[in-house]
Amino acid sequence: MADESTQPQQAAVVLLSGGLDSATCLAIAKQRGYRCHALSFDYGQRSRIEVELAAKQARAQGAAEHRVLPLPLGEFGGSSLTDPGIEVPEAAADTNTDSDANTGQIPSTYVPARNTVFLAHALAWAEVLGAGAIFIGVNALDYSGYPDCRPEYIDAFQSLMNLATRAGVEGGGIALEAPLLHLRKAEIIRLGTSLGVNYADTVSCYQADTRARACGRCDSCHLRRQGFATAGIADPTVYQ
């Protein structure tokens, strides 16, 4: 009988944006024993430096493979992250993010159907790999009000995966893992730090420059700065 330690690891596809949350997701997937195949997208986002940082995280965390797919969502526009004609909103310095996240108002930084399109590509790759899971770093607490970051969305996409794939029909199935879904930003940072994530090589800013310097004014920068402060961990972010 073969030693269990010599058995091949089960594959997982990890959506890797270059941000804080997805870097933590990659570390969690690795800790759970998966062979991680990281997937990033160049979708016309303002902060293209995040793709470079995603590659750096994939290397640092020992991903088995990292692919970057061109996906021109920016051609549709409709979001301040992909349309230079729409300004990125700034967060007030005294914003109470915990309550603002649940106002029901969807900000201009929402990219229409982004997570659905990303997950569809991840699902295709997962089927080819025979992967057991797809990891996505969505968060339903400290987030900006995006409809595709809610628990209901994750449950619905899992149902789709079960119905629309060979693995689902034949009984094996692919699990959609969203391990950060119910964590505060500070909890995510503490968890990632315990797993050895180097957050200096991540960017959360909606409009970071080519040197990965964050604006310090957008909602995402506010969430990140507040998260490190609450976690009691030094913020490695370089601000403009």
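Cut-offs used in this document
- Residues numbered from 1 in each chain as written.
- Predicted model: local features only at pLDDT ≥ 70, side-chain atom pairs only at ≥ 80, totals over all residues.
- Heavy atoms only, no water.
- Pairing = 2+ DSSP bridges.
- Helix = DSSP H or I, 4+ residues; strand = E, 2+ residues; numbered from the N terminus.
- pLDDT = per-residue confidence, 0-100.
- Contact = heavy atoms within 4.5 Å.
- Buried < 20%, exposed > 50% of the residue type's maximum accessible area, 1.4 Å probe, protein only.
- Arc of directions from axis to C-beta.
- Axes fitted to C-alpha atoms, helices over the stretch in contact; angles between N-to-C directions.
- Parallel < 35°, antiparallel > 145°, perpendicular 65-115°, else oblique.
- Left-handed = near helix turned anticlockwise from the far one by under 90°.
- Nonpolar A, V, L, I, M, F, W, Y, C, P; charged D, E, K, R; others polar.

1. A word on the pairing of strand 3 (residues 65-70)
Note: strand 2 (residues 35-42) against strand 3, six bridges, orientation parallel. In the sheet register, Phe41 faces strand 3, and the bridge partner there is Leu69.

2. Concerning the confidence of the model for the chain
Mean pLDDT over the chain stands at 90; residues scoring 70 or higher make up 91%. Below a pLDDT of 50 lies the segment residues 94-102, which in the model reaches eleven contacts outside its immediate sequence neighbourhood of four places, other chains included.

3. Concerning helix 7 (residues 185-194)
Listed in full, the buried residues belonging to helix 7 are Lys185, Ala186, Ile188, Ile189 and Gly192. Seen end-on, helix 7 carries its buried residues on one side only, within an arc spanning 160 degrees. Buried-residue contacts for helix 7 involve helix 1 (20-31) and helix 8 (219-231). A positive backbone phi angle near 85 degrees is found at Gly196, which sits one or two residues after helix 7.

4. Remarks on the sheet that holds strand 4 (residues 133-135)
Taken together, five strands build an open sheet; the order of strands is 3-2-1-4-5 and the sheet is parallel. Here the strands that pair on one side only, and so sit at the sheet edges, are strand 3 and strand 5 (175-177). If you compare each strand with its neighbour and ignore which way they point, the axes differ by 25 degrees on average.

5. Observations regarding the packing of helix 1 against helix 7
Relative orientation of the contacting elements helix 1 and helix 7 amounts to 45 degrees, with a least axis distance of 10 Å. By the angle between their axes, helix 1 is oblique relative to helix 7. Both helix 1 and helix 7 take part in a crossing whose hand is left-handed. Of helix 7, the residues touching helix 1 (which contributes Leu20, Asp21, Thr24 and Ile28) are Lys185, Ile188, Ile189, Leu191 and Gly192. A breakdown of the residues in the contact of helix 1 with helix 7 according to their chemical character gives five nonpolar, two polar and two charged.

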